[in-house]
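Next come the chains, spelled out residue by residue.
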Amino acid sequence: MTHAPTCTPSGAPAAAHRAPTAQDTQAYFTETAHDYRAWSPGYNMHFGFWRAGLNPLRRETMLEAMNHAVGEALALPAGTPACVVDLGCGAGAAARTLLRRWPLLHAVTVTNVPVQNDIARALDAPAGVAGRAVHLAADFTRTGLPAAQADGAWALESACYAPGDDKRAFCREAARLLKPGARLVVVDGFLLRGRPGRIAGRLHRLWADSWAVPTLARRDDFLAALRAEGFEQVRFRSLRWRIAPSALHVPWLATRFAIAALWRARGRLTPWRRRHIVASYCALALGLFWRDFDYGMVTAVRAHDKT
């Protein structure tokens, strides 16, 4: 999302907003890597998935349930060896969940933040999945992995870090990696309108800048980009109410974390760590603008190439 230049009192145009770059994103996640443990001991760097029977006070259970929801949406054949790719894996929490659930599964996770891979490798061994996980340091829009070899792929709150409103580069790489007939699952926040309302637009920009996100995808543009890159059966399912119980953990947790972090750092947090706290509050506030934003799951099937 871009903003038209504004004028200063002297009449000179103000500098145009600069969206976060890939280097900003890398710096952000490097500085805040271990801060995410306050949200999840297993380094689940996303919202949770509430369903009937889950205690809404148990955040980690809901976070793991989101990983399981992604695994179920992949619709992998039962009892068959498979290899899947996590595009923008964080510290590999979703992959660990799925590898524990499916003993014949192998996973390649992709992040351009080396410290996240270090955390992932340290957590793989106690989870019993170290022999079936490969953690690749690469741009998830240019992974370098072989084409048409993956039995499934997902992006859990990571596709938003790809450039552009439609995340076309992400869609193209996902299509390249997947076998024909394999499924892609994307769980993320989405813009619903080309131009959000004034307050919603400013809040989105503050949130995005604070978490080093170029922009959320525009939902309809993203779905169109998937179809243009060779996906079919493209579907969107709103998870707004499914994530609400875990999102309500944010105010208390963010406040407690901010106080503790400031105390330990004697009031001197790095810029990205300060922004991380700001973004946590913004994420909850964004959910109040129903006309402008939604949080949901996109599923798509890689089409068979026409001959």
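Residues numbered from 1 in each chain as written. Predicted model: local features only at pLDDT ≥ 70, side-chain atom pairs only at ≥ 80, totals over all residues. Heavy atoms only, no water.

**Q** Please clarify how the overall build of the protein chain should be interpreted in this entry.
**A** Each helix and strand counted, the protein chain has 10 helices and eight strands in total. Relative to the compact-globule value of 19 Å for 307 residues, the protein chain shows a C-alpha radius of gyration of 19 Å, a close match. Burial status across the protein chain gives 51% buried among its 307 residues. Per element, the accessible surface of the protein chain, about 14,500 Å² overall, is 59% carbon and sulfur. Taken as two groups, the 39 positive and 24 negative side-chain charges of the protein chain have centres that lie 5 Å from each other. (Helix = DSSP H or I, 4+ residues; strand = E, 2+ residues; numbered from the N terminus. Rg over C-alpha atoms; globule rule 2.2 N^0.38 Å. Buried < 20%, exposed > 50% of the residue type's maximum accessible area, 1.4 Å probe, protein only. Areas by Shrake-Rupley, 256 points an atom, 1.4 Å probe, with all protein chains shown as cover. Lys, Arg positive; Asp, Glu negative; His and termini not counted. Charge placed at Lys NZ, Arg CZ, Asp CG, Glu CD.)

**Q** Could you clarify how one ought to interpret the pattern of salt bridges in this entry?
**A** A side chain with one charge can pair with a side chain of the opposite charge if their charged atoms come near. Evaluated as defined, the whole model comprises 17 salt bridges. Among the ionic pairs, arginine 142 bridges to aspartate 139, the shortest N-O distance being 3.3 Å. Residue classification places aspartate 139 among the partly exposed residues on the basis of a relative accessible area of 25%. Between glutamate 229 and arginine 172 there is a salt bridge, with its nearest N and O atoms 3.5 Å apart. Residue glutamate 229 is located in the loop between helix 7 (219–228) and strand 7 (231–238), and its partner arginine 172 is located in helix 5 (residues 168–177); the two are separated by 57 residues in the primary sequence. (Salt bridge = Lys/Arg side-chain N within 4 Å of Asp/Glu carboxyl O.)

**Q** Looking at this structure, I do not really get the side chain of threonine 143. What am I missing?
**A** Among the secondary structure elements, threonine 143 is positioned in the loop between strand 3 (133–137) and strand 4 (150–156). Separated by 3.1 Å, the side chain of threonine 143 and the backbone nitrogen of leucine 145 make a polar contact. If we ignore the near neighbours within four places in the chain, the residues touching threonine 143 are Leu87, Val110, Leu136, Ala138, Glu173, Arg176 and Leu177. (Polar contact = N/O pair within 3.5 Å; in protein donor to acceptor, adjacent residues only side chain to side chain. Contact = heavy atoms within 4.5 Å.)

**Q** Where do I start with the packing of helix 9 (residues 250–264) against helix 10 (residues 271–286) in this structure?
**A** Following both chains from N to C, one finds helix 9 and helix 10 inclined at 165 degrees, their axes separated by 9 Å at the closest point. Considering the angle they form, helix 9 stands roughly antiparallel to helix 10. Crossing of helix 9 over helix 10 shows left-handed handedness. Counting all contacts with helix 9, which are made through Val250, Pro251, Ala254, Thr255, Phe257, Ala258 and Ala261, the residues of helix 10 involved are Arg273, His276, Ile277, Ser280, Tyr281 and Leu284. (Axes fitted to C-alpha atoms, helices over the stretch in contact; angles between N-to-C directions. Parallel < 35°, antiparallel > 145°, perpendicular 65-115°, else oblique. Left-handed = near helix turned anticlockwise from the far one by under 90°.)

**Q** Can you help me understand the nonpolar core in this one?
**A** Nonpolar side chains in soluble globular proteins generally cluster together in the buried interior. Residues Trp154, Phe170, Trp207 and Phe222 are the most contacted members of the largest nonpolar core, which totals 91 residues. When residues in this core are grouped by element, the largest group, eight residues, is from strand 5 (residues 178–191). Ignoring any residue separated from it by four or fewer positions in sequence, one finds phenylalanine 170 in contact with Leu87, Phe140, Thr141, Ala155, Ala159, Ala162, Leu184, Val186 and Phe222. Counting five residues, the second-largest nonpolar core is a separate cluster that includes Phe257, Ala261, Leu269 and Ile277. (Core = buried A, V, L, I, M, F, W, Y, C linked by side-chain atoms within 4.5 Å.)

**Q** Please clarify how helix 4 (residues 114–127) should be interpreted in this entry.
**A** What sets the pattern is the α-helix's 3.6 residues per turn: residues three or four places apart point alike. With 14 residues, helix 4 extends 20 Å between its outermost C-alpha atoms, agreeing within 8% with the 20 Å of an ideal straight helix rising 1.5 Å per residue. When we look at burial in helix 4, the residues that qualify are Gln116, Asn117, Ile119, Ala120, Asp124 and Ala127. Projected onto a plane normal to the axis of helix 4, the buried residues spread over an arc of 155 degrees and lie on a single side. Facing away from the buried side of helix 4 by over 90 degrees, the exposed positions are Ala122, Ala125 and Pro126. Tucked inside the fold, the buried residues of helix 4 contact helix 1 (22–32), helix 3 (93–101), strand 2 (105–111) and strand 3. Glycine 128 lies just past helix 4 and shows a positive phi near 75 degrees. (Expected span 1.5 Å × (residues − 1). Arc of directions from axis to C-beta.)

**Q** Looking at this model, I keep getting lost on the pairing of strand 2. Mind explaining?
**A** For a regular strand, side-chain orientation follows a simple rule: the groups alternate between the two sheet faces. A large share of strand 2 lies buried, amounting to six of its seven residues. As paired elements, strand 1 (residues 82–87) and strand 2 share six bridges and run parallel to each other. Counterpart to leucine 87 in the pairing with strand 2 is valine 110. At this point the chain moves from strand 1, through helix 3, to the parallel strand 2, and the crossover so formed is right-handed. In terms of strand pairing, strand 2 meets strand 3 through five bridges, oriented parallel. Opposite threonine 111, over in strand 3, you have alanine 137 as the bridge partner. The β-α-β motif built from strand 2, the intervening helix 4 and the parallel element strand 3 has right-handed crossover chirality. (Pairing = 2+ DSSP bridges. Right-handed = clockwise from strand over helix to strand, strands pointing away.)

**Q** What is the right way to read the packing of helix 5 against helix 7 from this model?
**A** A packed helix pair is summarised by two numbers, namely the angle formed by the two axes and the spacing between the axes. At a minimum axis distance of 9 Å, the contact between helix 5 and helix 7 shows a crossing angle of 35 degrees. As for the relative orientation of helix 5 and helix 7, their crossing is right-handed in sense. Two secondary-structure elements touch here, helix 5 through Arg168, Phe170 and Cys171 and helix 7 through Phe222, Ala225, Leu226 and Ala228. Of the residues belonging to the contact of helix 5 with helix 7, the class tally is six nonpolar, no polar and one charged. (Nonpolar A, V, L, I, M, F, W, Y, C, P; charged D, E, K, R; others polar.)

**Q** Even after reading the chapter, I still don't get the confidence of the model for the protein chain, so can you show me in this structure?
**A** Do not read the fine detail of predicted coordinates wherever pLDDT is low. Of the residues in the protein chain, 94% have a pLDDT of 70 or more, and the chain-wide mean is 92. Residue range residues 1–15 is modelled with pLDDT below 50. Its contacts to residues more than four positions away, or to other chains, number 16 contacts. (pLDDT = per-residue confidence, 0-100.)

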